[in-house]
Amino acid sequence: QVQLVESGGGLVQPGGSLRLSCAASGSIFSINAMGWYRQVPGKQRELVATFTIGGSTKYVDSVKGRFTISGDNAKKAVYLQMNSLKHEDTAVYYCHHKAYGVDYWGKGTLVTVSE
């Protein structure tokens, strides 16, 4: 039903920036029901950024002030602007959508922050 495809990952130096994109197809509830997660080997997947009701945003503490989630309803796309990247941001980033109790995930895009 819902297909999510992430893009924009890659290798970036510390302090650099990347912009991740998530293109959604199918019948999503709303881009406001979408968010970004990330996962590193041996650790649990964590919620990085998401929308709240009314269009506000929330972030995991470690990325506050550096990451910005945004979306485009017309394009069914969600973005994650990542600035001032740190080594600790290295992870596979996943686009996520929740609809009627069902979780939808993209395949992920790898972000590597390294010298």
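Computed from a prediction, not measured in an experiment: that's the story for all the values here.

Considerations on unusual backbone geometry
Here's step 1: Positive phi is not limited to glycine here, since Lys76 has a value of about 50 degrees.
Here's step 2: Its location among the elements puts Lys76 in the loop between β7 (67-72) and β8 (77-82).
Here's step 3: Given a relative accessible area of 31%, Lys76 falls into the partly exposed group.
Here's step 4: Positioned with a positive phi, Tyr100 is a non-glycine residue whose angle comes to about 50 degrees.
Here's step 5: Inspection of the secondary structure puts Tyr100 in the loop between β9 (91-99) and β10 (102-105).
Here's step 6: Given the relative accessible area of 75%, Tyr100 is considered exposed.

Observations regarding the pairing of β10
Here's step 1: The pairing of β9 with β10 spans four bridges and is classified as antiparallel. Within β10, the position partnered with Ala99 by the bridge is Val102.
Here's step 2: Linking β9 back to β10 in an antiparallel pair, the connection comprises two residues, with Tyr100 at a positive phi of about 50 degrees.

About the cut-offs
- Residues numbered from 1 in each chain as written.
- Predicted model: local features only at pLDDT ≥ 70, side-chain atom pairs only at ≥ 80, totals over all residues.
- Heavy atoms only, no water.
- Helix = DSSP H or I, 4+ residues; strand = E, 2+ residues; numbered from the N terminus.
- Buried < 20%, exposed > 50% of the residue type's maximum accessible area, 1.4 Å probe, protein only.
- Pairing = 2+ DSSP bridges.

Limitation: the analysis is restricted to geometry and does not speak to function.
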